[in-house]
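Single-letter residue listing:
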Amino acid sequence: MLSGAGLSAESGVPVFRGAQGLWRTHRPEDLATPQAFRRDPRLVWEWYAWRRDVVAACAPNDGHRAIARRAARGGVAVVTQNVDGLHARARGEVASDGDVAYPLLELHGALSRDRCSGCGARTAAVSVDTTSADRLPRCGRCGSLLRPDVVWFGESLDPSVLDTSFRLASEATVCLVVGTSAVVHPAASVPLATRHAGGTVVEVNPEPTPLTRYAAVSMGGPAAEVLPQLLG
Ligand code: BJW
Ligand code: ZN
């Protein structure tokens with residue numbers, strides 16, 4: 001399955017696009033590109049520190065839990081564009097004896113990690129003082145600025161995460177697509193790998209997307225209501 005921000009909407013995590021989306025009030029080119037970070041790392045960190053606080057106050061919803069319960073029975077891989085960590089938290093919440101360890105692939109990284117903008121070393125997220133550029137966190141190895149370990153526009157996705165996602169999608173009989181506007185690539189192409197290999201795409205989204213015409217079934221409700229019924 002492939003998930004996007006809409007899956008976490010009912011947990012209180014803001015989506016990116018549409019009337020309530022972050023991109024209505026925040027310009028992606030000022031906040032979610034490597035150029036923006038080079039230009040004004042303090043501003044970018046301020047936004048990500050706020051996003052971390054928002055996510056810390058949120059919890060997985062019934063949609064995340066339905067996915068985790070179904071995946072733990074086997075034969076499912078979870079591929080997500082979300083950086084909020086709620087799939088992993090749901091897995092922990094519903095874990096029980098006999099669960100299968102399923103793949104959980106985070107295509108766009110994770111808010112819970114930092115990455116060095118110089119040497120690329122990954123570390124657990126530190127608390128960030130955004131009051132001045134001098135106080136921003138730096139790498140303990142090379143001294144370069146740390147940044148959130150997320151994928152910004154114009155940056156490549158981790159090749160091993162991406163290759164594994166496409167391979168699993170091409171081997172799947174069904175790709176369930178939940179809560180993504182399906183406009184950001186290469187993530188939005190993952191379900192097409194299932195389709196091209198003869199499998200079926202099933203979409204859960206209150207709005208039509210560019211993937212809707214490839215879906216055998218489209219369910220137009222909120223994920224936290226539809227998924228427990230669909231997967232339960
Ligand atoms: C509900 C709901 C409910 C609401 N229940 N549903 C091919 C064509 C054109 C452009 C490109 C291309 N290939 C690459 C590009 C360039 C670019 C791109 O895709 N641009 C397009 C937008 C035009 N891609 C990249 O730059 C990627 N890198 C790359 O390709 O590298 C190689 C390369 C480099 C240079 C040139 C060419 C190639 C990287 C993309 C990184 C995206 N990063 C972000 C930020 C991550 C960090 C952070 O969180 O801050 O990722 S942007 C943002 O969008 C975030 C999301 O993961 C991503 C997708 O958003 P998502 O999840 O779909 O959310 P929304 O808000 O868009 O949609 C929510 C949906 O939920 C809606 O449909 C609602 O209806 C629905 N919904 N409530 C169910 N309750
Ligand atoms: Zn470093």
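The numbering scheme is per chain: residues are counted from 1 as the chain's sequence reads. Labels are handed out in written order, letters beginning with A for the chains and numbers beginning with 1 for the ligands. Whole-chain, interface and lining totals are the exception, using all residues; otherwise, since this is a predicted model, local features are given only for residues with pLDDT of at least 70 and side-chain atom pairs are given and counted only at 80 or more. Hydrogens and waters are ignored; side-chain quantities use all the structure's heavy atoms.

1. Thoughts on the packing of aromatic side chains
Phase 1: Two aromatic rings from Phe, Tyr or Trp, using only the six-membered ring of Trp, form a pair when their centres are within 6.5 Å; if the ring planes differ by under 30 degrees the pair is stacked, by over 60 it is edge-to-face, and anything between is tilted. In this structure the tally under the stated criterion is five aromatic pairs.
Phase 2: With a centroid separation of 5.2 Å and 45° between ring planes, the pair formed by Phe 16 and Trp 23 is classed as tilted.
Phase 3: Ring geometry for Trp 23 against Trp 47: centres 5.7 Å apart, planes inclined by 25°, an arrangement best described as stacked. With Trp 23 in the loop between helix H1 (5–9) and helix H2 (28–31) and Trp 47 in helix H4 (residues 41–56), the pair connects residues that are 24 residues apart, well separated along the chain.
Phase 4: Each residue gets one of three labels from its accessible area relative to the maximum for its type: buried under 20%, exposed over 50%, partly exposed in between, using a 1.4 Å probe on protein chains only. Exposure remark for Trp 47: the relative accessible area of 5% places this residue in the buried category.
Phase 5: It is Arg 51 that lies over the ring of Trp 47; its NZ or CZ is 4.6 Å from the centre. For the purposes of this entry, the term helix denotes a DSSP run of H or I that reaches at least four residues, the term strand denotes a run of E that reaches at least two, and both are numbered from the N terminus. The rule is short: NZ of Lys or CZ of Arg within 6 Å of the ring centre and within 35 degrees of the ring normal puts a charge over the ring.

2. Describing the coordination of the zinc ion (ligand 2)
Phase 1: The protein atoms donating to the zinc ion (ligand 2) are Cys 116 (SG), Cys 119 (SG), Cys 139 (SG) and Cys 142 (SG), with metal-donor distances spanning 2.3 to 2.4 Å.
Phase 2: Metal-centred angles of 97 to 121° between the four donor atoms at the zinc ion (ligand 2) mark the site as tetrahedral.
Phase 3: The sequence pattern describing where the donors of the zinc ion (ligand 2) fall on their chain is C-x2-C-x19-C-x2-C.
Phase 4: Judged by its relative accessible area of 9%, Cys 139 is buried. We call an atom a donor if it is N, O or S and sits within 2.8 Å of the metal, or 3.2 Å for Na, K and Ca. Water is not counted, so some sites may look partial. Angular criteria define each label, namely tetrahedral for four donors with all angles between 85 and 135 degrees, square planar for four and octahedral for six donors with opposite donors over 155 degrees apart and remaining angles between 65 and 115, and irregular for whatever fails these tests.

3. Observations concerning the site of ligand 1
Phase 1: Whether a residue is near a molecule or strand depends on its heavy atoms: it is near if one of them lies within 4 Å of it. The environment of ligand 1 is formed by 34 residues, the closest being Arg 17, Tyr 48, Glu 155, Thr 180 and Ser 181.
Phase 2: Under this definition, polar contacts are N or O atom pairs within 3.5 Å; protein pairs additionally need one hydrogen-donor-capable and one acceptor-capable atom, and for neighbouring residues in sequence, both atoms have to be side-chain atoms. Residue Gly 6 places a main-chain N or O atom 3.5 Å away from a nitrogen atom belonging to ligand 1.
Phase 3: Within the backbone of Glu 155, an N or O atom sits 2.7 Å from a nitrogen atom of ligand 1.
Phase 4: Bound to the protein, ligand 1 loses 74% of the 1500 Å² it would expose on its own.
Phase 5: Those elements giving two or more residues to the shell around ligand 1 turn out to be H1 and H4.
Phase 6: The element contributing the most residues to the shell around ligand 1 is H1, with three residues. Residue-level accessible areas treat just the shown protein chains as cover; the underlying method is Shrake-Rupley with a 1.4 Å probe.

4. Some points on the packing of helix H5 (residues 62–71) against helix H6 (residues 86–94)
Phase 1: In this analysis an axis means a line fitted to C-alpha atoms, helices contributing only their contacting stretch, and an angle means the value between N-to-C directions, from 0 to 180 degrees. At their nearest, the axes of H5 and H6 sit 8 Å apart, and the two run at 65° to each other. H6 is crossed by H5, and the crossing has right-handed handedness. When H5 is examined against H6, the residues His 64, Arg 65, Ile 67, Ala 68 and Arg 69 are found in contact with a partner set consisting of Leu 86, His 87, Ala 90, Arg 91, Glu 93 and Val 94.
Phase 2: By the convention adopted, Pro, Cys, Tyr, Trp, Phe, Met, Ile, Leu, Val and Ala count as nonpolar, Lys, Arg, Asp and Glu as charged, and the other residues, Gly among them, as polar. Across the contact of H5 with H6, the residue classes tally to five nonpolar, two polar and four charged. Less than a right angle of anticlockwise turn of the near helix away from the far helix marks a crossing as left-handed, whereas a clockwise turn marks it as right-handed. The contact criterion used throughout is that any non-hydrogen atoms of two residues lie within 4.5 Å.

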